[in-house]
Amino acid sequence: MIRINVNGEDRQVDVPEDMPLLWVLRDELNMTGTKFGCGVAQCGACTVHVDGTPTRACQTPVGMLGPDSKVTTIEGVTGKAAQAVQAAWQKLDVVQCGYCQSGQIMSAVALLTDNQNPTDQDIDAAMDGNVCRCATYVRIRAAIKDAAQTMRA
Amino acid sequence: MRQAARNGFPEAGFAPGPLAAPSRRGFLKAIGAGAGALVIGAHLPMPALAAEAAAKTVGPADPRPHAFIIIAPDNTVTVLAKHLDKGQGIVTGIATIAAEELDADWSQVRGAFAPADAKLYANHFFGIQGTGGSTAIANSWDELRMAGAAARAMLVAAAAARWTVPAGEVTVSKGVVRHAASNRSLTFGELAEEAAKLPVPQQVKLKDPKDYVLIGKPDLHRLDHVSKTNGTAIFAMDIRRPDQVTAVLARSPRFGGTVKSVDDAAARKVPGVIEVVSLPVGVAVIARNTWAAMKGREALTVTWDDVNSEMRGTDAMLADYRKLADQPGAAAAGKGDADKAFAEAAARGGHVVEGDFVFPYLAHAPMEPLNAVVALNPEGGCTIWAGSQFQGVEQMVAAHILGCKPEQVKIETQWAGGSFGRRATTNADYIAEAVMVAKAYPKAPVHLVWTREDDIKGGRYRPLFLHRIKAAVDDKGALVAWKQRIVGQSFMAGTPFEAAMVKNGVDATMVEGASDMAYAVPNLAVDAHTVASPVTTLWWRSVGHTHTAYSKEVMIDRLAKAAGKDPVAFRLEMLKDHPRLAGVLKLAAEKAGWGQPMPQGKGRGVAVHESFNSYVAHVADVTVDAKGQVKVDRVVVAIDCGQVINPDIVKSQMEGGTGWGIGHALRGEITMTDGMVDQANFDSFLPMRMSDMPVVEVHIMPSSERPTGAGEPGVPTAAPAVANAIFSVTGQPQQTLPFSRGGIVS
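Residues numbered from 1 in each chain as written. Chains lettered and ligands numbered in written order. Predicted model: local features only at pLDDT ≥ 70, side-chain atom pairs only at ≥ 80, totals over all residues. Heavy atoms only, no water.

If you check an unreviewed UniProt entry, chain B appears there as Xanthine dehydrogenase family protein molybdopterin-binding subunit from Azospirillum ramasamyi.

In the annotation of an unreviewed UniProt entry, the entry for chain A reads (2Fe-2S)-binding protein, and the organism field reads Azospirillum ramasamyi.

Some words on unusual backbone geometry
As a reminder, the rule being used: Secondary structure elements are taken from DSSP: a helix is a run of H or I of four residues or more, a strand is a run of E of two residues or more, and numbering for both begins at the N terminus. Only protein chains enter the area calculation, which uses a 1.4 Å probe; residues under 20% of their type maximum are buried, those over 50% are exposed, and those in between are partly exposed.
At the junction of Leu737 of chain B and Pro738 of chain B, the peptide bond is cis and its omega measures out at 0° in the coordinates. In this fold, Pro738 of chain B is placed in the segment after helix 19 (718-730). The phi angle at Ala135 of chain A is positive, at roughly 60°, despite the residue not being glycine. Take Ala135 of chain A: it is sitting in the loop between helix 4 (120-127) and helix 5 (137-152). Overall, the relative accessible area of 4% leaves Ala135 of chain A in the buried class.

Points about the UniProt feature "domain: Aldehyde oxidase/xanthine dehydrogenase a/b hammerhead" (unreviewed entry) in chain B
Filter applied, for reference: UniProt positions are given in the numbering used here, feature names are shortened, and annotations may be inferred rather than shown by experiment.
In the numbering used here, UniProt assigns the "domain: Aldehyde oxidase/xanthine dehydrogenase a/b hammerhead" (unreviewed entry) feature to residues 230-308 of chain B. Along residues 230-308 of chain B one finds 18% helix and 38% strand; the C-alpha atoms at either end are 48 Å apart.

Remarks on the pattern of salt bridges
Let me state the cut-off plainly: Criterion for a salt bridge: a side-chain nitrogen of Lys or Arg within 4 Å of a carboxyl oxygen of Asp or Glu.
Inspection of the entire model under this criterion finds 54 salt bridges over all chains. With a closest N to O distance of 2.5 Å, Asp238 of chain B and Lys35 of chain A form a salt bridge. You can see Asp238 of chain B sitting in the loop between strand 8 (204-205) and strand 9 (245-250) and its partner Lys35 of chain A sitting in the loop between helix 1 (21-28) and strand 3 (47-50), one on each of two chains. Using a relative accessible area of 2% as the deciding quantity, one classes Lys35 of chain A as buried. For the salt bridge of Asp640 of chain B with Arg580 of chain B, the shortest nitrogen-to-oxygen distance reads 2.8 Å. One end of the pair, Asp640 of chain B, is in strand 27 (residues 630-640); the other, Arg580 of chain B, is in helix 17 (residues 579-592), with 60 residues separating them in the sequence. Since its relative accessible area comes to 4%, Asp640 of chain B is described here as buried. Each of the salt bridges in this network shares a partner with another, and the network as a whole consists of Asp120, Asp124, Arg141 and Lys145 of chain A.

Considering the sheet that holds strand 25 (residues 602-611) of chain B
Residues and elements named next belong to chain B. Put simply, the rule is: Paired strands are those between which DSSP finds at least two bridges. Between N-to-C directions, angles span 0 to 180 degrees; the directions come from axes that are lines fitted to C-alpha atoms, helices contributing only their stretch in contact. We call two residues in contact whenever any of their non-hydrogen atoms come within 4.5 Å of each other.
Strand order in this open sheet of four strands is 25-26-27-30, and the pairing throughout is mixed. The sheet terminates laterally at strand 25 and strand 30 (695-700), the two strands that pair on one side only. Sheet twist, expressed as the mean angle between neighbouring strand axes with direction ignored, is 15°. Along the sheet face, helix 18 (residues 647-667) touches strand 26 (614-624), strand 27 and strand 30 and points at about 135° away from the line of strand 30.

A look at the interface of chain A and chain B
To be explicit about the condition: For any pair of parts, buried area is found by adding up, for both, the accessible area (1.4 Å probe) each one loses once the two are put together.
In this assembly, 49 residues from chain A lie in contact with 60 residues from chain B. The junction of chain A with chain B conceals about 4,500 Å² of combined surface from both sides, 56% of it contributed by carbon and sulfur atoms. Contact with chain B buries surface across chain A, with Gln96, Arg133 and Tyr137 of chain A losing the most and accounting together for 18% of the total. Linking chain A to chain B there are seven salt bridges.

Let's talk about the packing of aromatic side chains
Residue and element names in this part refer to chain B. Our working definition: Here is the rule: rings of Phe, Tyr and Trp (six-membered ring for Trp) pair when centre to centre is within 6.5 Å. Planes less than 30 degrees apart are stacked, more than 60 are edge-to-face, and the remainder are tilted. Whether a charge lies above a ring is judged from NZ of Lys or CZ of Arg, which has to be within 6 Å of the ring centre and within 35 degrees of the ring normal.
Under the definition given, this model contains 15 aromatic pairs over all chains. Plain terms: the ring middles of Phe113 and Trp415 are 5.1 Å apart, the flat faces sit at 80° to each other, and that makes the pair edge-to-face. Of this pair, Phe113 sits in strand 4 (residues 109-113) while Trp415 sits in the loop between strand 18 (409-413) and helix 11 (429-440); the two residues are 302 residues apart in sequence, bridging distant segments of the chain. Grouping residues by exposure puts Phe113 and Trp415 together as buried. Aromatic pair Phe126 and Phe390: ring centres 6.1 Å apart, planes at 65°, arrangement edge-to-face. One end of the pair, Phe126, is in the loop between strand 4 and helix 4 (136-163); the other, Phe390, is in the loop between strand 17 (382-386) and helix 10 (391-402), with 264 residues separating them in the sequence. Linked through ring pairs, Phe126, Phe390, Phe491, Phe497 and Trp539 together constitute an aromatic cluster. Positioned over the ring face of Trp450 is Arg422, at 5.3 Å from the centre of the ring.

Things to note about the sheet that holds strand 2 (residues 69-71) of chain B
Residues and elements named next belong to chain B. An order of 2-3-4 is seen for the three strands of this open sheet, with the pairing classed as mixed. At either margin of the open sheet sits one strand with a lone partner, and together these are strand 2 and strand 4. Shown here is a sheet whose adjacent strand axes are inclined to one another by a mean of 25°, direction ignored. In this structure, strand 2 lies alongside strand 3 (residues 77-81), joined through three bridges in antiparallel fashion. Residue Ile70 lies in a different strand from strand 3, and its bridge partner there is Thr78. Relative to strand 3, helix 3 (residues 90-102) is tilted by about 130°, and along the sheet it contacts strand 2, strand 3 and strand 4. This element, helix 4, spans strand 2 and strand 3 of the sheet and lies at about 25° to strand 2.

See below:
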């Protein structure tokens, strides 16, 4: 049994230690908001926060999480940055197919938690690991700026 | 060329009736060379609507409104979309059309996917239920307006009966039914039950467009914008049925290969692996969860039989294509005498320009890897949960595999995490695989999952193409001759769609956008060579136009330069008979500031094209730095797609189409060495990323023409506009894609 804390709840899972957090969330805990896109940390669809740091769940063996690690997923992300980001995403109708957007939002929330006035270069650096095949990048950029403005207000 | 059979799929035991016999229904006609790929017929299902006035009475009101609209006692209005929403916003668009005629309040409107039903939900352009070719809005326009108007009339009649007042005195606005004189009102929900008992009106009056309150309004939000931002939207990948197991499939690493022998002893020892089964399409590892299934597959030892495999690499294939291009192909278009015109132009001070264009294989790589859940039904048949794009084909293929009737195959269509054409296959490929595994393992619902590597290496690519073009302007700079040869694979040949799509040896989807050249030219010759290979290919967002628009527009800029003419002015001279193309070209040029001088190292390029009955122009600005590296800075797009239902969604489709077109032109390619695909994941099949994306500005041409589509038409002109911008700076035409091959993007 491995104990992990997800969205503030302690959970026990009976899985091998090398099982990536992604599959623990999706297949064992039935939390499907975190998406499988590539399996090799190249697309960012599986981005969660581990102790606040954006992390690719597909390359995070569950056994490597520390006993006190706190995992936050799209289902549980809260706070000022999360609210501002999700509201901006909805205001600007960012989504198309939507499959990558959980990961995009988790990366954007992490960016804005640290930096409430990101430049275009900051946005590129924080978001280049998140692929959107629909190419909603124009609106993601605009929504991050909109959310940043909300947070600064 | 029976590539489907060679890859182990059953020969689908069906032929889509209307496609195979285009005259079966009055509105279908066989595709002519140059028409949109899947726009099999341009006629309307209801001839009475063909010459439709702004508002008129039409009838009979059929199909029945309840097939499309459900008004519940809780006052919600659910509009059933028979089309797949894979991001293009079609659920929102379809719901808007119905809600407009219904006079519903947008806040009460919901969207849902219609079940698979060949009779109720066929795409009128295809003759089967399916989504593609940017047809969903055009296909739904009359149907959903009529359904909405009929439902509204029934609500009015129910209110009039309850209040015993003339129906003519009853009004509807924002979901409220009112009788002003007696100051009474009821909600849709309060009237739903009574209205449902009334006969469906045979005559309905459609709104005058000037009275629209939802259609064309810029501030209507997508119906999926909340669920897709909080993780609650359910894709097929997220379906969890009781006792569900997960399967991954080991497939031949070479196209056309089959299983020779399997050693599954190690795979069976992987904790969580339940079963290993050999199927015609590969070896399935069935496990308790996805991770175990993937580990189990890694532990398999499979020997493949390559006797029918493609063993060439893409360089060798291309060399073969070049040899073929020296020989005449099957004629796709012809008028005048191009060879004579070339000789005359050369002799009399004109210019002859020649070039070979190379377009690589490209994967669709939708963000949601292909997957489907299949459960066998106790009463026979099965239920499929999938981002289903060709329900009509999938029902027939699944029925063939299971030995049941197509209507015993239930499909629960889910939000799809992208498609770009990948989910619409002529043999239902990944869904057929899932059904085969479910048949072999009937104990529990089976979730068949492709990994990203399966997807990148798994084929169904946009085909590799070679274009050879020779064109001439005369001494006055007028285009006098155009000769074009296209070499590549047909993805229609050998499928049930061949009869409708391949004419006189030419697959219409290979030459569309070339054989129907819009620019005025007195001498035109377009022909094609269809080559066979076990490499599987498929339509890919905007189909033939992905390559034909590119080669045409890049050559036009070379000809403009040879003639000493401005690229926009040169195009406009040749588009006098095409006002809608000229219209978007002028609009994009004006908004982009065409004609203003560009600073050193910056370039501007243009392209214009019609696809899927929509008209799009792109103007792109690029920077070429001292090292010759290119960055796309800004793109201006103009589109004319007729009456716009939701302008913000049209804009988002232009943004996305632009990114799709440019992203693949920068670095996208699938190559093979000795028949093995060189790329594996997003670290080698390189997608467009945030830092690649230019500023995109979209302008929509106001129009009251019938609505067409926006999902695909934003793609074709994006890359050639960028290529022409680079050409304006470097003088080097970009004729081999992707640009990274020429070392100009990192």
